[in-house]
Amino acid sequence: MRSEILTILRKAGEEYVSGAYLAERLSVSRTAIWKHICALKEDGYDIDSKSRNGYRIISSPDLLTPGEINAVLSTEFLGHNIKYYKSVDSTNNVSKLLAQQNAEEGTILISEEQGNGKGRLSRGWFSPSRKGIWFSLILRPNFLPQEAPKCTLMAAVAISKAIRSVTGVEVGIKWPNDILYEGKKLVGILTEMNAEMERINYIIIGMGINVNITHAEVPEEIRDSATSLLQITGKKISRVELLCAILAELENEYVIIREKGFSPILDEWKKFSVTLGQEIKVIGINETFHGKAVNIDDYGALLVDTGNKIERVLAGDVSI
Ligand code: BTN
């Protein structure tokens, strides 16, 4: 109901829309309309009410509601089904339940905050309310399960391109999926999958983008290693605009993969990589070693020259 009221008010632009008109269009009482307007004001919408003329929107808060997103979104299918929450434990966890209930490919689940945001390697993810973009995307690609890392690389490329075009910030990608600026982490991606031997049932790509978090708001233990777009640019960034740009890039990349294969995305990933060509330390699941990152292969594995041989790293962490 609230998003329908907003759609009508947005369409009217500078004009006032009467409570009677809204009540008739939406088949509810004028009192119900008034209660929804009060709730929208509490959410941060600046709505002017005049007893004779009705209601007019003056400004909208930077909320990631379906109404705000739909007003800007330009995709063909990705993000057309939006699940929006004020708070969840983890958007990846809730997305898994949705995917198990057959949610369509391209569904996104957004939460203004996460109480228990998940990072890679059983770490947490700091997700304060309305300060970042915390969302998960459900895909059902017809890849083999071992090709799933392609989705993570695709997401890293799409987010890097969107951040560069919306904010001008020249971010880089650290293998496998961290987006950094001057060595500090700006974006994390956590991909989870449900698959059989030869078939992926669904993939959840969870993306966390630090947008409007001040230095002081960041917990002390990650203050030196994390950053946000606000800290880099000194400006508040529109989360709606950035999210819609990310969704457009994701759709574009996903269509390219389906039509032309993975190599165009791999080429873009290499262009943004801050890992390739560097002497690195690999903290693998079973061992730690040093070497030079020389390439990534078609499955997204990092190829590291240790001096004796080329190691193929599929999982783990690297430090530069
Ligand atoms: C990392 O450790 O770098 C990955 C962090 C991924 C965080 C995002 S926020 C949205 C989604 N939901 C989660 O619980 N985690 C991912």
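### Things to note about the nonpolar core
Among the nonpolar cores identified, the biggest contains 63 residues, and Phe135, Ile205, Met207, Ile209 and Leu250 are the most heavily contacted of them. Residue contributions to this core reach at least three from each of two domains, namely domain 2 (66-272) and domain 3 (279-319). Apart from the residues lying within four places of it in its own chain, the contact partners of phenylalanine 135 are Thr91, Ile108, Leu109, Ile110, Ile205, Gly206, Met207, Ile209, Leu243, Ile246, Leu247 and Leu250. Of all hydrophobic cores here, the second largest spans 16 residues; its members include Leu6, Leu26, Ile37 and Ile47.

### Topic: the side chain of threonine 107
Looking at where threonine 107 falls in the secondary structure, it is placed in the loop between α5 (91-100) and β4 (108-114). Using a relative accessible area of 1% as the deciding quantity, one classes threonine 107 as buried. Here glutamate 104 takes part through its backbone oxygen, which lies 2.6 Å from a polar atom of the side chain of threonine 107. With residues near it in sequence (within four places) discarded, threonine 107 still touches Asn81, Lys83, Leu98, Ser136, Leu137 and Ile138.

### Regarding unusual backbone geometry
With an omega of 0°, the peptide bond running from tryptophan 175 to proline 176 counts as cis. Among the secondary structure elements, proline 176 is positioned in the loop between β6 (172-174) and β7 (178-181).

### A look at the site of the ligand
Ser90, Gln114, Lys118, Arg120 and Lys185 are the nearest of the 18 residues found near the ligand. Serine 90 is positioned such that a nitrogen or oxygen atom in its side chain is 2.8 Å from an oxygen atom of the ligand. Taking threonine 91, its side chain carries an N or O atom lying 3.0 Å from a nitrogen atom of the ligand. In isolation the ligand exposes 410 Å². Once the protein is present, 99% of that is buried. Counting only elements with at least two residues in the shell around the ligand, the list comes to α5, β8 (184-195) and β9 (200-210). When its residues are assigned to classes, the shell around the ligand shows five nonpolar, nine polar and four charged.

### Looking at the packing of aromatic side chains
When we look at a pair of aromatic rings, we describe it by the centre distance and by the angle of the planes. Per the counting criterion, the structure on display carries zero aromatic pairs. Sitting over the ring of phenylalanine 143, lysine 150 keeps its end group 5.6 Å from the ring centre.

### Some words on the environment of isoleucine 296
In this fold, isoleucine 296 is placed in strand β11 (residues 288-296). Counting along the chain gives 38 residues from isoleucine 296 to arginine 258, while the straight-line C-alpha distance between them is 20 Å. Excluding its chain neighbours within four sequence positions, the residues that come into contact with isoleucine 296 are Leu153, Trp175, Leu266, Trp269, Lys270, Leu276, Ala301, Leu302 and Leu303.

### As for the pattern of salt bridges
Inspection of the entire model under this criterion finds 20 salt bridges. In this structure, the salt-bridge partner of glutamate 112 is arginine 239, at a minimum N-O distance of 2.9 Å. Residue glutamate 112 is found in strand β4, and its partner arginine 239 is found in helix α8 (residues 239-260); the two are separated by 127 residues along the sequence. Assigned by exposure class, glutamate 112 and arginine 239 land together as buried. One salt-bridge network, held together by shared partners, links Lys161, Glu249, Glu253 and Glu268.

Quick notes on the rules
- Residues numbered from 1 in each chain as written.
- Predicted model: local features only at pLDDT ≥ 70, side-chain atom pairs only at ≥ 80, totals over all residues.
- Heavy atoms only, no water.
- Core = buried A, V, L, I, M, F, W, Y, C linked by side-chain atoms within 4.5 Å.
- Buried < 20%, exposed > 50% of the residue type's maximum accessible area, 1.4 Å probe, protein only.
- Domains from an automatic or database assignment.
- Contact = heavy atoms within 4.5 Å.
- Helix = DSSP H or I, 4+ residues; strand = E, 2+ residues; numbered from the N terminus.
- Polar contact = N/O pair within 3.5 Å; in protein donor to acceptor, adjacent residues only side chain to side chain.
- Near = heavy atom within 4 Å.
- Areas by Shrake-Rupley, 256 points an atom, 1.4 Å probe, with all protein chains shown as cover.
- Nonpolar A, V, L, I, M, F, W, Y, C, P; charged D, E, K, R; others polar.
- Phe/Tyr/Trp six-rings, centres within 6.5 Å; stacked < 30°, edge-to-face > 60°.
- Lys NZ or Arg CZ within 6 Å of the ring centre and 35° of its normal.
- Salt bridge = Lys/Arg side-chain N within 4 Å of Asp/Glu carboxyl O.

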